Amino acid sequence: MEVTMDPLFLAWSYFRRRKLQQCSDICTKILQDNPYDQAAWSLKTRALTEMVYIDEVEVDQEGIAEMMLDESSIAQVARPGTSLRLPGTSQGGGPTPAVRPVTQSGRPITGFVRPSTQSGRPGTMEQAIKTPRTASTARPVTSASGRFIRLGTVSVHESASMLTNPDGPFINLSRLNLAKYSQKPSLSRTLFEFIFHHENDVKNALDLAAQATEHAQFKDWWWKVQLGKCYYRLGLYREAEKQFRSALNHQAVVDTYLYLAKVYQRLDQPITALSLFKQGLDQFPGEVTLLTGIARIHEEMNNIASATEYYKDVLKQDNTHVEAIACIGSNHFYTDQPEIALRFYRRLLQMGVYNCQLYNNLGLCCFYAQQYDMTLSSFERAMALVSSDEEQADVWYNIGQVAVGIGDLALAYQCFKLALAFNNDHAEAYNNLAVLELRKGRIEQSKAFLQTAASLAPHMYEPHFNLSILYEKIGDLQNSYTAAQKSEDAFPEHVDTQQLLKQLRQHFAVL
Amino acid sequence: MAKREQVIATESEQQQATTGDQGSYPKQIRVEEEDPAGFADDPITHSEDTMPEVKSIFREVLPKQGQLSMEDVPTMVLCKPKLLPLKSVTLEKLEKMQMEAQEAVKQQELAMKEQMQ
């Protein structure tokens, strides 16, 4: 007779090996035989949670309502260097848009994208509403709004729970006696995580956490952190801050520092967040996540130089930190040192990062570092690894840049056309195509492309400036002036725009 | 009379001569155009064998002293090359889950449709 393994043990083994679906299946069978098996029940909640678990520190879901109807801001116009919302307020002197493209919120594009960096904060309601139409999934330059991700997670959670249990939900939350479970410390934590991550039911999670922390006589830091997470999700930032502070009084934990800093960032208090990170570093010297947090804040405040310093500190602690390497690399690329950027990206390749973005960046670095033999093969690999149409459009766009660089304007024209075929909202491709069209003497076509680019990406100065020049050439001074003004709004330090405006003002004065 | 006739004849001769001249005049020009002999050594008009820079008949002036100035004409600007940002693990997982969920929902809907039929 065959000796069978104890099913619960087997389920545990599957769980440890992250074969979560099998683990959940076995637990379901155990629970069918004995619905009151608490061990199996708890393990199944953990397995289901792990399937959809996302690091809460990384998740940032800011909807239009939260963005535009913001009650927590203290001043309408923040002082320079104290706000994340005004990109131009840094004293550090970030790169100009003339060398480094900017996102919709006016920040230079970053070398690394996280769910929260995706949601560039649009300046006006009009822009906020327009964003999703022009946005693709993971483009910081076109800046997808955070809502997209939220929709994604909600549908993921709903459908995931629907899929794992075709006969109905595993736990019926409305019939659950939360008070009873909150008394049992061994069950309540897994149940909380299940409700919070899997069911995404923050209200019930909050109820459970409140009762559990009461049962623990307000002495358990873990429950306080969970309460803070719930308050954060509900948008009650001051309450969340209280809970996290209180948890830190009980026990200093790195995660708590990160959550608290996230609250301050949401409240637009980057300076407070920075000092909090420094406190955290006193407790945990050299902690990579805290250092990364500091670097991210500096980067968001457009202070690229000090961000790079902190990223270098990160690399001293952990020399395989992808985010730090990517950010330093992109910074070198846009400060005219493509050969050094190439070394950073090559390091990423050695570490086993293998995707379309990396090969695209390698291709660009190779070209600008004059290693022409590797350029096109890198782009070919990037093409082979493409996972979405938007990525493909971006790769074609960059190949078009290379074609412009070698003077093959026919190839460049085709590349930009292809970029537009894959992503019809690619404003940069429209702009460059317009420049090429004008070289061919097709003024109307060029004007149409420029107008499209300007409406798709009002944050870029190039289409406005080009449009202004074009209008000036065909004698439409009024339109030229308005376009030049838009260009000035997008990039106030641009010398050519200033000159053009001065010329136009002289024209108007003569009239 | 004879003299007069002579005169007329000379006039007509002259006329003939002038018409002949008129007839030959374009010929001469054609010859000039066809004949490359006078221009064979001249590099200015012989553009096929030399670089186009030499085409200009004006000599380049490079002043040895004084200020050098040039006109700054505003030109159209191209957008810059775009390094693509790498994605964080969380973002990749989010996108993967979203894709999977969309696939699963699609399949469920297909199954529902089949059941309806």
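Cut-offs and rules
- Residues numbered from 1 in each chain as written.
- Chains lettered and ligands numbered in written order.
- Predicted model: local features only at pLDDT ≥ 70, side-chain atom pairs only at ≥ 80, totals over all residues.
- Heavy atoms only, no water.
- Helix = DSSP H or I, 4+ residues; strand = E, 2+ residues; numbered from the N terminus.
- Buried < 20%, exposed > 50% of the residue type's maximum accessible area, 1.4 Å probe, protein only.
- Contact = heavy atoms within 4.5 Å.
- Areas by Shrake-Rupley, 256 points an atom, 1.4 Å probe, with all protein chains shown as cover.
- Polar contact = N/O pair within 3.5 Å; in protein donor to acceptor, adjacent residues only side chain to side chain.
- Buried area = accessible area lost by both parts, 1.4 Å probe.
- Salt bridge = Lys/Arg side-chain N within 4 Å of Asp/Glu carboxyl O.
- Axes fitted to C-alpha atoms, helices over the stretch in contact; angles between N-to-C directions.
- Parallel < 35°, antiparallel > 145°, perpendicular 65-115°, else oblique.
- Left-handed = near helix turned anticlockwise from the far one by under 90°.
- Nonpolar A, V, L, I, M, F, W, Y, C, P; charged D, E, K, R; others polar.
- UniProt positions renumbered as here; feature names shortened; annotations may be inferred.

The name an unreviewed UniProt entry gives chain B is BBSome-interacting protein 1, with Scomber scombrus as the organism.

Per an unreviewed UniProt entry, chain A goes by the name Tetratricopeptide repeat protein 8 and belongs to Scomber scombrus.

Draft legend 1. The overall build of chain A, seen in detail. Scanning chain A from N- to C-terminus turns up 27 helices and one strand. The buried share of chain A, reckoned over its 511 residues, is 54%. The contacts of chain A with a sequence gap of at least 6 include a subset with a gap of at least 24, amounting to 55%. Approximately 23600 Å² of chain A is accessible, and the part contributed by carbon and sulfur atoms is 51%.

Draft legend 2. Summary view of the side chain of A:His494. Residues and elements named next belong to chain A. Among the structural elements, histidine 494 can be located in the loop between helix H26 (477-490) and helix H27 (495-510). Residue classification places histidine 494 among the buried residues on the basis of a relative accessible area of 8%. In terms of polar contacts, histidine 494 uses its side chain to reach the side chain of threonine 497, at 2.6 Å. With residues near it in sequence (within four places) discarded, histidine 494 still touches Tyr461 and Phe465.

Draft legend 3. Expanded view of unusual backbone geometry. All names here are of chain A. Despite not being glycine, arginine 18 shows a phi value in the positive range, around 60°. Its place among the elements puts arginine 18 in the loop between helix H1 (7-16) and helix H2 (20-33). Backbone geometry places glutamine 217, a non-glycine residue, at a positive phi of 55°. Considering the arrangement of structural elements, one finds glutamine 217 in the loop between helix H10 (202-215) and helix H11 (221-234).

Draft legend 4. Here's a closer look at the interface of chain A and chain B. With 66 residues of chain A at the contact, the number on the chain B side is 28 residues. Regarding the contact of chain A and chain B, the summed buried area is about 4200 Å², with carbon and sulfur atoms giving 68% of it. Counting across the chain A and chain B interface gives four salt bridges. Across the pair B:Lys80 and A:Glu462 runs a salt bridge, and its minimum N-O distance is 3.5 Å.

Draft legend 5. Representation of the pattern of salt bridges in the model. Per the stated rule, a full pass over the model turns up twelve salt bridges over all chains. Its salt-bridge partner being A:Asp220, residue A:Arg189 comes within 2.4 Å of it at the nearest N-O pair. Taken together, the residues A:Arg189 in helix H9 (residues 185-199) and A:Asp220 in the loop between H10 and H11 connect sequence positions 31 residues apart. Classification of A:Arg189 by relative accessible area gives partly exposed; the value is 29%. When the shortest N-O distance is used, the salt bridge between A:Glu391 and B:Lys87 registers 3.4 Å.

Draft legend 6. The arrangement of the packing of H11(A) against helix H12 (residues 237-250) of chain A in detail. All names here are of chain A. Relative to each other, H11 and H12 sit at 165°, their axes nearing to 8 Å. Relative to H12, H11 is oriented roughly antiparallel. Regarding H11 and H12, the two cross each other, and that crossing is left-handed. Across the interface between the two elements, Trp221, Lys224, Val225, Leu227, Gly228, Lys229, Tyr231 and Tyr232 of H11 pack against Tyr237, Glu239, Ala240, Gln243, Phe244, Ser246, Ala247 and His250 of H12. Counted by class, the contact of H11 with H12 contains nine nonpolar, four polar and three charged residues.

Draft legend 7. Examining the UniProt feature "repeat: TPR" (unreviewed entry) in chain A more closely. Mapped onto this structure's residue numbering, the UniProt feature "repeat: TPR" (unreviewed entry) falls at residues 393-426 of chain A. Annotated as 82% helix and 0% strand, the span residues 393-426 of chain A places its first and last C-alpha atoms 8 Å apart.

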